[in-house]
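Next come the chains, spelled out residue by residue.
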Amino acid sequence: MMLRPRRDDLAIIGFFTGKIVIGIGLLMTVPLATALAAAEWAAAIDFVIGMAACLVLGLSATVTCRTARQPSWSHGLVVAGFSWIAATAVGAIPHWLSGHYGAYLDAAFDVMSGYTTTGLVLIQDLDHVSHALNMWRHLLTFAGGQGIVVIALTFMAGGSSGASSLYVGEGKDERLLPNVTRTARAIWLISLVELAVATPVLWALLAGLGQGPGRSFLHALWMFMSAWSTGGFGPQSYNAYYYHSAAFEAVVVVIFVAGSLNFALHWAVWNGRRSEIRRNLEVISFTVTLTLAVILTTAGLMRLGVYPQFIAAMRKMFYQVISGHTTTGLMTIYARVFVRQWGPVAMLGVTMAMALGASACSTAGGIKGLRIGLAAKGLALTVRRSLVGERTRVVAKWHHIRTRVLDDEVVHASMQVTLCYLGLYALGTLAGVLCGYPPLDALFDGVSAGSNSGLSCGVTSPSMPAALKIVYLFEMWAGRLEFGAVFAVVGYIALLARGR
Amino acid sequence: MSRPTSPAAQRWRTVAAWLVGMGVEGLLPLVLAGIAAVVVGAFLLL
């Protein structure tokens, strides 16, 4: 029987959530330094207030809930789920104080969108946002891509069982190294090396396009953070379309595809196992589903003759589909072009790409290639079993870092999470339709929120109903945490409400 | 006898091999999907 959480259970949750809130406050030193360097005094005050709020709330929680107990498995899940809500609430303070949001809900929406690497935005007058706020927006998405808990674990001394449960609660269930803290550090090592390599390339490209050295550096850094974390934010309201450069688009595509691949795959290649790329079930699954999505989208665009030039059609189609499939959300078209020009077939192609998503244990969202691959293999196994009869034992294998025998339990677990995602997409779509949006538009943005993609056909805007904003907020949170932590938080609240 | 590689050089080699590996073979899905898109697009165009 499940027991009502006791005071010391709540203390553990409060203590670790408090630590993560302090971490968010410390992270604000980066935009604060940016504000001071750029002489943006109003923005600096916003971040001082934000930091103070984080430190006061975080320290209060850690002092009042001080405990020497290690979190159990369920504690870890609840902390992972709850800390993302707490981090959103406090992280939105500088957003809200900036004056670029119509309501605190809109600011919280953008912060959750950043942490979950979704990329849907409700910010107003983005083209006149301070450098500091832009730094914070992109830093949030970069940090969220690796995982808020991963950041906390990076600075923890040991790899206790509690740390392990926190790590899994955040939707990352693969260990690159035996110790979870060292795994977190390996994830950061990969991301920071990629940042050090890719940012100068983007910087040179943007400088070549005519931006000044300071501005091009900031844009390069922000676009790297956005692309690598499969986030989808941009410093300009035109998003990636602002740059009008095929070379820039090509480099950014390479960055977000790399970011959408499993960190365990990166680590295997890092350790010299390059053949892993060709054998990995996720990469094979991604190749097949990406091909299907581009064929469907191409057919939709060509049928309507949207782009008179073939190369232009390929360029626009490819960027949007890969952006959707990797759940990045960077766009080189205006949102309403999906509805007004691309039409239903192409929109369904992009929606399918977003729904499937990229790799597990990456910065990406969606159902994930591993689950699609396992479902396909499981289906093939069932068909083979039915063909050979009961007396013959049929075995299927799958490869992800190591080769394993496919068992029903793995397929069953994959299908459960897949069903949860489909339910989440249905929730977002239904909410959109109930709010008066056309079904296809509601499906597009509902899937985008649940898969943490960030492409929008125009439903997501500051003027959309508050109820729909809340549904999308929930979708982004649940989709990013892959449901385990969400069910744990809901279960804890239900047990507390039950009263015994 | 070959000279032993310094740890710093070994680190650079590791990073370079990772970048080349991911940059070349990691992009194979895009190449294959791109070929499929061009073939389908050209077919529909004709």
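What counts, and where the lines are drawn
Residues numbered from 1 in each chain as written. Chains lettered and ligands numbered in written order. Predicted model: local features only at pLDDT ≥ 70, side-chain atom pairs only at ≥ 80, totals over all residues. Heavy atoms only, no water. Axes fitted to C-alpha atoms, helices over the stretch in contact; angles between N-to-C directions. Helix = DSSP H or I, 4+ residues; strand = E, 2+ residues; numbered from the N terminus. Parallel < 35°, antiparallel > 145°, perpendicular 65-115°, else oblique. Left-handed = near helix turned anticlockwise from the far one by under 90°. Contact = heavy atoms within 4.5 Å. Nonpolar A, V, L, I, M, F, W, Y, C, P; charged D, E, K, R; others polar. pLDDT = per-residue confidence, 0-100. Buried area = accessible area lost by both parts, 1.4 Å probe. Salt bridge = Lys/Arg side-chain N within 4 Å of Asp/Glu carboxyl O. Polar contact = N/O pair within 3.5 Å; in protein donor to acceptor, adjacent residues only side chain to side chain. Buried < 20%, exposed > 50% of the residue type's maximum accessible area, 1.4 Å probe, protein only. Core = buried A, V, L, I, M, F, W, Y, C linked by side-chain atoms within 4.5 Å.

(A) Up close: the packing of helix α2 (residues 29-37) of chain A against helix α6 (residues 131-146) of chain A. Residues and elements named next belong to chain A. Where α2 contacts α6, the axes come no closer than 8 Å and their chain directions differ by 160 degrees. Considering the angle they form, α2 stands roughly antiparallel to α6. The chirality of how α2 crosses α6 is right-handed. Here Val30, Pro31, Thr34 and Ala35 of α2 come into contact with α6, specifically with His131, Ala132, Met135, Trp136 and Leu139. Classifying every residue of the contact of α2 with α6 gives seven nonpolar, two polar and no charged.

(B) The arrangement of the confidence of the model for chain B in detail. Looking at chain B, the pLDDT average stands at 85 and 91% of residues meet or exceed 70. For this predicted complex, the interface confidence reaches an ipTM of 0.88, while the overall pTM sits at 0.92.

(C) Seen up close, the interface of chain A and chain B. Across the contact, 30 residues belong to chain A and 24 residues belong to chain B. In this assembly, chain A packs against chain B so that about 2400 Å² is buried in total across both faces, 82% of it on carbon and sulfur atoms. Considering only the surface of chain A that becomes buried against chain B, Trp270, Arg274 and Phe310 of chain A emerge as the three largest contributors, covering 22% of it. If you look at where chain A meets chain B, you find two salt bridges. For glutamate 25 of chain B, the salt bridge goes to arginine 278 of chain A, with nearest N and O atoms at 2.5 Å. One can count three residue pairs in polar contact (both at pLDDT 80 or more) joining chain A with chain B. For the side of chain A that touches chain B, the secondary structure elements donating two or more residues are α9 (180-208), α11 (246-259), α12 (263-270), α13 (276-279), α14 (281-304) and α15 (310-325) of chain A. For the side of chain A that touches chain B, the leading source of residues is α14 of chain A, giving 10 residues.

(D) Structural detail: the environment of methionine 415 of chain A. Residues and elements named next belong to chain A. In this structure, methionine 415 sits in helix α18 (residues 408-434). Looking at methionine 415, the relative accessible area reads 35%, which means it is partly exposed. As for methionine 415 and alanine 375, which are separated by 40 residues in sequence, their C-alpha atoms are 6.8 Å apart.

(E) Fine view of the nonpolar core. Residue and element names in this part refer to chain A. Grouped together as the largest cluster of nonpolar side chains are 145 residues, with contacts concentrated most on Ile24, Phe256, Phe338 and Trp342. Counting residues per element, this core draws most heavily on α9, at 10 residues. Filtering out sequence-adjacent residues up to four positions away, isoleucine 24 remains in contact with Cys54, Ala87, Val90, Gly91, Tyr115, Trp136 and Ile148. Core analysis: the next-biggest nonpolar cluster, separate from the first, contains nine residues, Leu381, Val394, Ala396 and Leu406 among them.

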